[in-house]
Amino acid sequence: TVTSNGDAQDLSGLRRQRSPALQWLRSNLLRNVSGQSDNENNTRRTNLVYDSSTPVEAMLVLDASVRPAQPMEVYEAKEVSFFESKGAVVIGMLCFILVTVTVSLAVSMTKNNETTLEPTLQPTLSPTFDPRSTLQVIQTRPTGSRKLRCGFHACGFGGFRTEVCSAIAAVVLGDPSAYEIVKTTSETRWTDLGSRRFDLLLYSALTAEREVREPTSQRGFAFSVPYYYSTTSYIGLNETLVHCAEKGERFGECLSLQICVGANTTHETHVSELFPSDFYVPVYHDAAMSNLLNGTCNVLFTNMHAERTAELEMDSGRNAYSAMVPRFVEPHAIVTRHEEDGGHEFGDIATWTIMALIYGEAHNITKDPSKCQPYEELPTNPADLDYMKAVHCVGNHGEILSSFREEHYRLNNDVDFAINYLNKGEAMIAGIPLGDLTQPPPTGRAVGKLGRIRRDNELRCGVFLPDNFNSSLEDSRGLTGLTGLNVEYCMTVSAAVLNGDTNHCILVPLRYSDKEDAYRALNNGTVDLIAGALREFKYDFRSSDDLGGVHFSTPYFYGNESNTEDLSAYTLATMDEMVMFSSFVNCVVVAVMEARRRQITEEFYLDMPLSAIFGSDLSWALRDAVKTSGNYGTMMKRNFPDYQLTGDDRDSTRNALNTGQPMMHVYPGLIGHDIDRSSYCPGGESVCW
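What you are looking at is a predicted structure, and each value in this text was computed from that prediction instead of being measured.

Further remarks concern the packing of helix 15 (residues 481–497) against helix 18 (residues 621–629). Between helix 15 and helix 18, whose axes approach to 7 Å, the crossing angle comes to 140°. In this view, helix 15 runs oblique relative to helix 18, as classed from their interaxial angle. Crossing geometry of helix 15 relative to helix 18 is assigned as right-handed. Each of Glu-488, Thr-492, Ala-495 and Ala-496 in helix 15 lies in contact with helix 18, whose residues at this interface are Ala-621, Asp-624, Ala-625, Thr-628 and Ser-629.

Here's what the structure looks like:
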């Protein structure tokens, strides 16, 4: 209401009573109320002649400054339109008509098209949800288009990589010709894979960063074991500047050095660690050679192979020069998407296909078309696939890689640098490059299992023990040998995830003779990880609801078997579906190897890189790991006193850091073997506990 002096009247706080005016309106008795002034309350009412054909709406109007002498409510009658009063009814009727028409049309269209509708033969490019595994998607494609789609960007050795694609097609579809190559680029390969343009990327350098979050696509990927190692070096047309790059000099005659390197690649990461930004130019990777020729740079950092040097000489008409010593070894692997349940299943299928190729070479099993037969019925369980079809249909690892090996020897002037040959038991410890781990996730702090462990302030670590181990596990930190090493890896992970704290690492004894029960404990959360887990085929894939697939870290210890025997490769095991936690654990294992390569010990733990990629609260995880346990060499020396800790690890033992020795070996179980280590210790009990 409005008072005679124009102020709003505040009736707040007054006890609400039913007004006679409201009753008057409700009983349709409002008639010719003349405008008058109520002197007592100084209130003016509005004239209104009620008409039953013109509905009215009553609303409360408050006065902010004048309080009436007596409690009261004053109502103003307001004329409303027909649509305001009847609108809800009209809208309801219109909605009913619209729904009726829509349903009728839908039924009609369904009847007209039910005999002509066919499923699309092309996959959707958008990342829509599909609960099927990658294997299921490939195997259920229409017969005419049932092929494995392999993404590839041309960068040398196309024939060799195509053979790898053919080998996987033979395994998953029973037909080595059931594949197609989908061209991509170095810049779009990650988003193309993420959007399902193809099923796998035929090769990429494997890094810890890309497992967690590749920077251009902002998502993590699953990698197979490496099937090929490249070396990188500098090439150019000016011999002096090539040697400047090789020596890392930037003054005098080297002052004009400009190095072209592929943008957003592992090559750029490596060069950025060796030179300031004004001495290198990130360029489009596939056009790096043209940038060298047009003067954008005068040296190119690239994969080291004769094909590259010959291309430069042909395009320039001049002699080309390359650095004599490779800068670093880069592991190349097959890349797949994570499955919808978070697992690595198709990446594991690629891994065991590669294992079959290497197994064939180790056992002299070669291509045999008579054994390359199609499946009678496609196996839908990854564990039931015939991985030896890769060898029978395409050839073993040595056969399909022979031309590359010869070229690599020619390039290195017959220097014994045969990294892609079979390892026969020498310097088998090989990590992977870390990449850039500094960028935190969108969530900020650690989430998932990592977040849960930090909130609970407790890590439960299972430790595999031989049946004849009788010591107390809680006191085994002071023990030596393999059991002591396994316990030390538990403590190292604990330090990494709990800010350096090893006191809240709960050790849980497990037996090799009861491996299934041990992995059930991992599956149901009784333990978060298992140390001393043998990497083997049997437990890589899900076999039942209570026995899910296991993810094995990079091996940190090898037994003393020959390369034709079932090799004991000791790892940290986590649940396959716990992708982030599995990557974190693997990163810790690799980090102590990297610390050894860089000669970083406990005292210099601050030289380790930050690792915020797992969470802003885990930035110091790798520093805490090295501060607690040291590097791989010092961990081995503590547990194996006779371990030869030389300056560059170039000794004859297999558990030494690889510095260019052959890298290829096979993990056990591919041919159905179940390795028994219930009372086994490599080298005898004296080195186990």
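The next subject is the packing of aromatic side chains. Using the criterion set out here, one finds 16 aromatic pairs in the structure. Grouping aromatic residues by their ring pairs yields a cluster made of Trp-352, Tyr-387, Phe-537 and Phe-541. One cation-aromatic arrangement involves Arg-161 over Tyr-203; the distance from NZ or CZ to the ring centre is 3.5 Å. Residue placement shows Arg-623 over the ring face of Trp-620; its charged tip is 4.9 Å from the ring centre.

Before going further, it helps to examine the environment of Met-491. By secondary structure assignment, the location of Met-491 is in helix 15. Overall, the relative accessible area of 9% leaves Met-491 in the buried class. The sequence separation of Met-491 and Ile-506 amounts to 15 residues, and the corresponding C-alpha distance is 9.3 Å.

Residue-level pLDDT values for the protein average 80, and 73% of them are 70 or greater. Mean pLDDT values for the elements of the protein range from 41 in strand 1 (residues 37–38) up to 97 in helix 18. Per-residue pLDDT stays below 50 along residues 109–121; that stretch engages in three contacts with residues further than four places along the chain or on separate chains. This stretch, residues 683–689, has a pLDDT under 50; its non-local contacts, to residues over four places away or in other chains, come to 20 contacts.

A word on the pattern of salt bridges. One pass over the structure, following the stated rule, counts 20 salt bridges. Across the pair Arg-149 and Glu-180 runs a salt bridge whose closest N-O atoms are separated by 3.4 Å. With Arg-149 in strand 5 (residues 148–152) and Glu-180 in strand 6 (residues 179–183), the pair connects residues that are 31 residues apart, well separated along the chain. Here Arg-598 and Glu-594 are joined by a salt bridge, their closest N and O atoms 2.8 Å apart. By relative accessible area, which is 33% here, Arg-598 ends up partly exposed. Since its relative accessible area comes to 10%, Glu-594 is described here as buried. Here the salt bridges do not stand alone but share partners, grouping Glu-516, Asp-517, Arg-520, Lys-538 and Asp-546 into one network.

The next subject is empty space enclosed by the protein. To find leftover empty space, a probe the size of one water molecule is rolled over the atoms. The final tally for this structure, using the stated rule, is six cavities of 30 Å³ or more. The space that makes up the largest cavity amounts to roughly 590 Å³. Lining the largest cavity are 41 residues, with Val-225, Pro-226, Arg-535, Thr-554 and Tyr-667 sitting closest to its centre. Those elements that place two or more of their residues in the lining of the largest cavity are strand 8 (222–223), helix 11 (345–362), strand 18 (550–552) and helix 17 (579–597). Broken down by element, the residue count for the lining of the largest cavity peaks at five residues, all from helix 11. In this structure, the second largest cavity encloses a volume near 150 Å³. What lines the second largest cavity is a set of 15 residues, among which Arg-189, His-267, His-285, Glu-330 and His-332 lie closest to the centre. Here the lining of the second largest cavity takes three residues from strand 7 (residues 200–205), the largest share from any one element.

Thresholds applied
Residues numbered from 1 in each chain as written. Predicted model: local features only at pLDDT ≥ 70, side-chain atom pairs only at ≥ 80, totals over all residues. Heavy atoms only, no water. Axes fitted to C-alpha atoms, helices over the stretch in contact; angles between N-to-C directions. Helix = DSSP H or I, 4+ residues; strand = E, 2+ residues; numbered from the N terminus. Parallel < 35°, antiparallel > 145°, perpendicular 65-115°, else oblique. Left-handed = near helix turned anticlockwise from the far one by under 90°. Contact = heavy atoms within 4.5 Å. Phe/Tyr/Trp six-rings, centres within 6.5 Å; stacked < 30°, edge-to-face > 60°. Lys NZ or Arg CZ within 6 Å of the ring centre and 35° of its normal. Buried < 20%, exposed > 50% of the residue type's maximum accessible area, 1.4 Å probe, protein only. pLDDT = per-residue confidence, 0-100. Salt bridge = Lys/Arg side-chain N within 4 Å of Asp/Glu carboxyl O. 1 Å grid on protein atoms, 1.4 Å probe; cavity = no way out; pocket = protein on both sides within 12 Å on 5 of 7 lines; lining within 4 Å. Points joined across faces, edges and corners; volume = space filled by probe spheres on them.

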